[in-house]
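Residue-level listing of the chains:
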Amino acid sequence: MNPHYNQNYTQKEIDNILAKIKSCVKQNRYIISQNENRQENIDFINEYNIRSDRQKAILLQIRTEDFCHSLQNTNIGYEHEVLYVFVPQVQLFNADNVEETINLYTKFNIIDITSGSRVVVISFHKQNKPIKYLFR
């Protein structure tokens, strides 16, 4: 596993982090990145026709047991940010209307600002690299 990946968390700590993420999602204080650097997210959402209500439902179903690791943001100017990776299994229908079980790679950035927290879902696509769950 990448030496920059941090798995030094208790289950309670991840419970709290996930509760904060879900609170932001419930309050619509989140966004799934779909810019030019996130083509994989765009392609995945389009391939499975995942509308915004379904995206939200998927995010709210993530469990503590889906946590893999955290890592420091390496983008210049954002090195202070910690990103959290969860890989839940979700049931989705492909373009041929065939149900598939997908390992969904999600990476979250929790941004704390004076007016409250918000979440940026940096990654929202099929798992494309090896992962190791912390609590499984």
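In this text the structure is predicted, and so the values were computed from the model without any measurement.

**Q** Looking at this model, I keep getting lost on unusual backbone geometry. Mind explaining?
**A** With the exception of glycine, the majority of residues adopt a negative phi angle, and the majority of peptide bonds are in the trans configuration. Even without being a glycine, Asn28 presents a positive backbone phi close to 55°. Positive phi is not limited to glycine here, since Asn97 has a value of about 65°. As for its position among the elements, Asn97 is in the loop between β4 (89-93) and β5 (99-113). Among the residues examined, Asn97 registers a relative accessible area of 60% and is labelled exposed.

**Q** What exactly am I supposed to notice about the pattern of salt bridges here?
**A** If the charged atoms of two oppositely charged side chains come close together, the side chains can form a pair. Evaluated as defined, the whole model comprises five salt bridges. The shortest N-O distance in the salt bridge between Asp112 and Lys20 comes to 3.0 Å. Here the residue Asp112 occupies a position in strand β5, and Lys20 occupies one in helix α1 (residues 11-26), the gap between them amounting to 92 residues. With a relative accessible area of 52%, Asp112 lands in the exposed category. Connected through shared salt-bridge partners, Arg63, Glu65, Asp66 and Arg136 make up one network.

**Q** Explanation requested: helix α3 (residues 52-60) in the structure shown.
**A** Every α-helix winds through 3.6 residues per turn, so residues three or four apart in the chain are directed the same way. Among all positions of α3, only Gln55, Ile58 and Leu59 are buried. Projected down its long axis, α3 carries its buried residues within an arc of 100°, all on one side. Summarising the contacts, the buried residues of α3 are in contact with α1, β1 (30-32), α2 (39-47), β4, β5 and β6 (116-126).

**Q** Please clarify how the packing of aromatic side chains should be interpreted in this entry.
**A** Each aromatic ring pair is described using two quantities: the centre-to-centre distance and the angle formed by the ring planes. Applying the stated criterion across every chain yields a total of seven aromatic pairs. Here Phe67 and Phe86 contribute two aromatic rings whose centre-to-centre distance is 5.3 Å and whose plane-to-plane angle is 65°, an arrangement assigned as edge-to-face. Separated by 19 residues along the polypeptide, Phe67 in strand β2 (residues 67-72) and Phe86 in strand β3 (residues 82-86) bring together distant segments of the chain. Judged by its relative accessible area of 0%, Phe67 falls in the buried class. Using a relative accessible area of 0% as the deciding quantity, one classes Phe86 as buried. Put simply, the rings of Tyr9, Phe67, Tyr84, Phe86, Phe108 and Phe135 touch in pairs and so form one group of aromatic residues. Positioned over the ring face of Tyr133 is Arg136, at 3.8 Å from the centre of the ring.

**Q** It is not clear to me how the environment of His4 should be interpreted in this structure. Could you clarify?
**A** With respect to the element layout, His4 can be found in the segment before α1. Take His4: its relative accessible area is 63%, and that puts it in the exposed class. Between the C-alpha atom of His4 and that of Phe135, which follows or precedes it by 131 residues, the distance is 19 Å. Sequence-distant contacts of His4, defined by excluding residues within four places in its chain, comprise Ser70 and Leu71.

**Q** So what exactly am I meant to see when it comes to the pairing of β5 here?
**A** Remember that side chains alternate between the two faces of the sheet whenever the strand is regular. Looking at chain direction, β3 and β5 are connected through four bridges and run antiparallel. The partner of Val85 across the bridge, within β5, is Lys107. Pairing between β4 and β5: five bridges, direction antiparallel. Across the sheet, residue Gln89 finds its bridge partner in β5, namely Asn103. What sits between the antiparallel neighbours β4 and β5 is a turn of five residues, in which Asn97 has the positive phi angle 65°. Direction of pairing for β5 relative to β6: antiparallel, over a ladder of ten bridges.

What counts as what
- Along each chain, numbering runs from 1 in the same order as the chain's sequence is written.
- Local features in a predicted model are, by the rule used here, given only for residues with pLDDT of at least 70; side-chain atom pairs are given and counted only at 80 or more, and totals for whole chains, interfaces and linings are based on all residues.
- To obtain the side-chain values, all non-hydrogen atoms of the structure were included, while hydrogens and water were left out.
- The helix count covers DSSP runs of H or I at least four residues long, the strand count covers runs of E at least two residues long, and both are numbered beginning at the N terminus.
- Accessibility here uses a 1.4 Å probe with only protein chains present; expressed as a share of the type maximum, an area under 20% marks a residue as buried, one over 50% as exposed, and anything in between as partly exposed.
- What makes a salt bridge here is a side-chain nitrogen of Lys or Arg within 4 Å of a carboxyl oxygen of Asp or Glu, nothing more.
- Here the arc refers to the directions that run from the helix axis out to each C-beta atom.
- Contacts were defined at the residue level, with two residues in contact if any of their heavy atoms lie within 4.5 Å.
- In this analysis, rings of Phe, Tyr and Trp, with Trp reduced to its six-membered ring, are considered paired at centre separations within 6.5 Å, and the interplanar angle assigns stacked below 30 degrees, edge-to-face beyond 60, and tilted for intermediate values.
- By definition here, charges over rings are those cases where NZ of Lys or CZ of Arg is within 6 Å of the ring centre and within 35 degrees of the ring normal.
- At least two bridges found by DSSP between two strands is the condition for calling them paired.

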